[in-house]
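Take a look at the letters that make up each chain.
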Amino acid sequence: MSKNPGLTVLAGPTAVGKGTVSTYIRDNYPEVWLSVSATTRPPRPGETEGVHYYFKSPEEFDRLIEQGELLEWAVVHGHNRYGTLRSTVDAAIAEGRSVLLEIDLQGARQVKAAVPDARFVFLAPPSWEEMVRRLVGRGTETPDEQQRRLETAKLELAAEPEFDFTVINDDVRRAADELVSLMGLTPHRS
Ligand code: 5GP
């Protein structure tokens, strides 16, 4: 199967650690161009505009949709909207960069419809129990919110066969290295 070498999509269930893997890649693999999404979610402590997200008001996000500036977008966990800025991704691909989108499953399906020859990687938990432990352990969400995220995660786990590759997030560095090698880049350690 020939794949667009430029674009890789990483998706997977809630609390599987997509954010941790992408943070590791941002910090350790400057050769990967990690897309910065737009979101209506307010910043968490320590998050920086333009580094972690572009933080938008609902009205600003509406405008991005109307003007066709989003490659994909979705409401995640029934609350906030998140989307990928088409122009920045197109420019990075045109420059020959290896582009990585870390997005939710609904977004991954939209990218698959728009760019079927992109590379789709499913990040899976070592086990369901481990995923629940990570979700509860994070402690940043209310119990109601945790329950909503678990419901979403169950549905998302069933999507694995839609993806080209599965990477098990048993260890962040190992998973990141495997993802980078699937992208055709050289991992720092084998
Ligand atoms: P968080 O609010 O914890 O930063 O992210 C919540 C979820 O939003 C994660 O599952 C993440 O993958 C997803 N997400 C982040 N950016 C985007 C995006 O641009 N598009 C879509 N569809 N999902 C995104």
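See the structure above.
Residues numbered from 1 in each chain as written. Predicted model: local features only at pLDDT ≥ 70, side-chain atom pairs only at ≥ 80, totals over all residues. Heavy atoms only, no water.

Draft legend 1. Just the packing of helix α1 (residues 18–28) against helix α7 (residues 172–182), in detail. Where α1 meets α7, the closest approach of the two axes is 9 Å, and the angle between their N-to-C directions is 70°. The angle between the axes of α1 and α7 places the two elements in the roughly perpendicular class. Crossing handedness for the pair α1 and α7: right-handed. Residue-level contacts link T20, V21, Y24 and I25 of α1 to V172, R173, A175, A176, D177, L179 and V180 of α7. A breakdown of the residues in the contact of α1 with α7 according to their chemical character gives 8 nonpolar, 1 polar and 2 charged. (Axes fitted to C-alpha atoms, helices over the stretch in contact; angles between N-to-C directions. Helix = DSSP H or I, 4+ residues; strand = E, 2+ residues; numbered from the N terminus. Parallel < 35°, antiparallel > 145°, perpendicular 65-115°, else oblique. Left-handed = near helix turned anticlockwise from the far one by under 90°. Contact = heavy atoms within 4.5 Å. Nonpolar A, V, L, I, M, F, W, Y, C, P; charged D, E, K, R; others polar.)

Draft legend 2. Main features of the site of the ligand. Neighbouring residues of the ligand: 15 residues in total, closest S37, R41, Y53, Y82 and E102. Within the side chain of E72, one N or O atom sits 2.8 Å away from a nitrogen atom of the ligand. Put simply, the ligand lies in the largest pocket. Broken down by secondary-structure element, the contributors of at least two residues to the shell around the ligand are β5 (70–76) and β6 (80–85). Class assignment of the residues belonging to the shell around the ligand gives a composition of 5 nonpolar, 4 polar and 6 charged. (Near = heavy atom within 4 Å. Polar contact = N/O pair within 3.5 Å; in protein donor to acceptor, adjacent residues only side chain to side chain. 1 Å grid on protein atoms, 1.4 Å probe; cavity = no way out; pocket = protein on both sides within 12 Å on 5 of 7 lines; lining within 4 Å. Sits in = over half its atoms within 2 Å of the grid points.)

Draft legend 3. Inspection of α7 at higher detail. By the burial criterion, the buried members of α7 are A175, A176, D177, L179 and V180. Of the surrounding secondary structure, the elements contacted by the buried residues of α7 are β1 (7–11), α1, β2 (32–34), β7 (98–102), β8 (119–124) and β9 (165–168). Capping the start of α7, D171 holds a side-chain oxygen 3.2 Å from the backbone nitrogen of R173, two or three residues further along. One or two residues past the end of α7 sits G184, with phi positive at roughly 85°. (Buried < 20%, exposed > 50% of the residue type's maximum accessible area, 1.4 Å probe, protein only.)

Draft legend 4. Spotlight on the environment of Q67. As for its position among the elements, Q67 is in the loop between α2 (58–66) and β5. The spacing of Q67 and M183 is 116 residues in sequence and 31 Å in space, taken between C-alpha atoms.

Draft legend 5. View of the pairing of β8. Counting buried residues in β8 gives 6 out of 6 residues, a clear majority hidden from the surface. The two faces of β8 match: R119, V121 and L123 on one face and F120, F122 and A124 on the other face are all buried. Pairing geometry for β1 and β8, over 4 bridges, is parallel. Its bridge partner lying in β8, V9 is registered against F120. Here 4 bridges tie β8 to β9, and the two strands are oriented parallel to one another. Looking at the pairing, V121 lines up with F165 of β9. (Pairing = 2+ DSSP bridges.)

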